[in-house]
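Next come the chains, spelled out residue by residue.
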Amino acid sequence: MGKLIVGNWKMNGLGPALVEAQAVAAGLGGLPGDRLGNSGVRVGLCPPATLVERLARCLAGSSVLVGGQDCHAEASGAFTGDVSAEMLSEAGAVLVILGHSERRSGYGETDALVASKVEAALRAGLEPIICVGETLAEREAGRAVAVVSTQVRGSLPQVLAGRPFALAYEPVWAIGTGLTPTTAQIEEIHAAVRAEMSAVLGAPGAQAPILYGGSVKPGNAAEILSVSEVGGALVGGASLKSADFLGIIAGAG
Ligand code: PGA
């Protein structure tokens, strides 16, 4: 199956940033056809909520998927400042990142809350990208596999079985730091994540892609994406510049 490469702009981007997304779409058009389509690379961009609708409009007709970075578990209601999955979908999103470590640590999101957001995403027809990952202290204590396995078990509701989704392994200590795990460390965690997904969801858990995220750059993308069970990448900083993001996508071919 083709790799899934998703850019997470985080809280970056005003209107002028849309030209970077258009450059990504134009760059994909220049890739050989066998790299795209059913057997090729799928590419997504998740801008701030304020840009989702504009991005979807300016990418209409391109192969780039648009996504949100979070959603509320409810469809509507008295939740000041929040955005629902239905709202993202109406704005043109087809993906949504859920349980990113910046949400888990900054807003106290638990596995149970992430699981309820996953249900909301499915209800609205969005494809969730569910993030897990250990802190440096957890890794140094030899608990990385245990922590990540527990997060996978708690964050994946049963209704995911048979629905399109992706898991993203993002070690907290690798996000925005320039540090990356060794390929052996990535392989170990991805294997554990795969086993846990299969245990929770049965056969469908063996299908969904497991992305790696954390300081993915053009220079390390091809090596990381060639690791067993790495089904794509979730890219933060390097997705803000079209040249860097296209360089990463080129490593997925
Ligand atoms: P980074 O972020 O690529 O800037 O390390 C990854 C992420 O947070 O998804």
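Look above for the structure.
No experiment lies behind these values; they were computed from the predicted model shown.

### Remarks on the site of the ligand
Around the ligand lies a shell of 13 residues, among which K10, H100, E170, G176 and S215 are the nearest. Contacts to the ligand include G176, whose backbone N or O atom sits 2.6 Å from an oxygen atom. G236 places a polar main-chain atom, nitrogen or oxygen, 2.8 Å from an oxygen atom of the ligand. Burial of the ligand by the surrounding chains reaches 96%, relative to a free accessible area of 280 Å². A class-by-class count of the residues in the shell around the ligand yields four nonpolar, seven polar and two charged.

### Topic: helix α5 (residues 111-123)
A turn of α-helix holds 3.6 residues, and therefore any two residues three or four places apart point the same way. The end-to-end C-alpha distance of α5, which contains 13 residues, comes to 18 Å, matching closely the 18 Å that a straight helix rising 1.5 Å per residue would cover. Every buried residue belonging to α5 is among D111, V114, A115, K117, V118, A120, A121 and L122, and all of these are buried. In this structure, the buried residues of α5 make contact with α3 (85-91), β4 (95-98), α4 (101-106), β5 (127-132) and α7 (144-155). In the segment just after α5, G125 is the residue with positive phi, at about 80 degrees.

### Observations regarding the pairing of strand β8 (residues 232-235)
Side chains G232 and L234 project from β8 onto one buried face, and the interleaved A233 and V235 project onto a second face that is buried too. Of the pairings in the sheet, the one linking strand β1 (residues 4-8) to β8 comprises four bridges and is parallel in character. Note on β8: the bridge partner recorded for V6 is L234.

### Comments concerning the pattern of salt bridges
Summed over the entire model, instances satisfying the criterion amount to 12 salt bridges. Between R57 and E53 there is a salt bridge; the shortest N-O distance is 2.8 Å. Of this pair, R57 and E53 both sit in helix α2 (residues 49-58), four residues apart, roughly one helical turn. D111 is the salt-bridge partner of R104, the closest N and O atoms lying 2.6 Å from each other. D111 carries the same exposure label as R104, and that label is buried. A network of salt bridges, in which partner residues are shared, links D70, R103, E109 and K117.

How each quantity is defined
Chains are numbered independently. Their residues run from 1 in the order of the written sequence. At least 70 in pLDDT is required for a residue's local features to be given in this predicted model, at least 80 for side-chain atom pairs to be given and counted, and no such filter applies to totals for whole chains, interfaces and linings, which use all residues. Derived side-chain values reflect all non-hydrogen atoms in the structure, with water molecules and hydrogen atoms excluded from consideration. Whether a residue is near a molecule or strand is decided by its heavy atoms; if any one of them lies within 4 Å of it, the residue is near. Polar contact is the term for a pair of N or O atoms within 3.5 Å; when the atoms are in protein, one must be able to donate a hydrogen and the other to accept it, and sequence-neighboring residues count only if both atoms are side-chain atoms. Here, Shrake-Rupley sampling with a 1.4 Å probe gives the accessible areas, and only protein chains in the shown set may cover a residue. Throughout this entry, Asp, Glu, Lys and Arg are counted as charged residues, while Ala, Val, Leu, Ile, Met, Phe, Trp, Tyr, Cys and Pro are counted as nonpolar. The remaining residues, Gly among them, count as polar. By the criteria applied, helices consist of DSSP H or I runs no shorter than four residues and strands consist of E runs no shorter than two, each listed in order from the N terminus. Here the expected span of a helix is defined as 1.5 Å times the quantity of residues minus one. Burial here depends on accessible area, computed with a 1.4 Å probe over protein chains only, as a share of the maximum for the residue type. Under 20% is buried, over 50% is exposed, and the range in between is partly exposed. By definition, residues are in contact when any of their heavy atoms lie within 4.5 Å. Note on pairing: two strands pair once DSSP finds at least 2 bridges between them. Any carboxyl oxygen of Asp or Glu that lies within 4 Å of a side-chain nitrogen of Lys or Arg is treated as forming a salt bridge with it.

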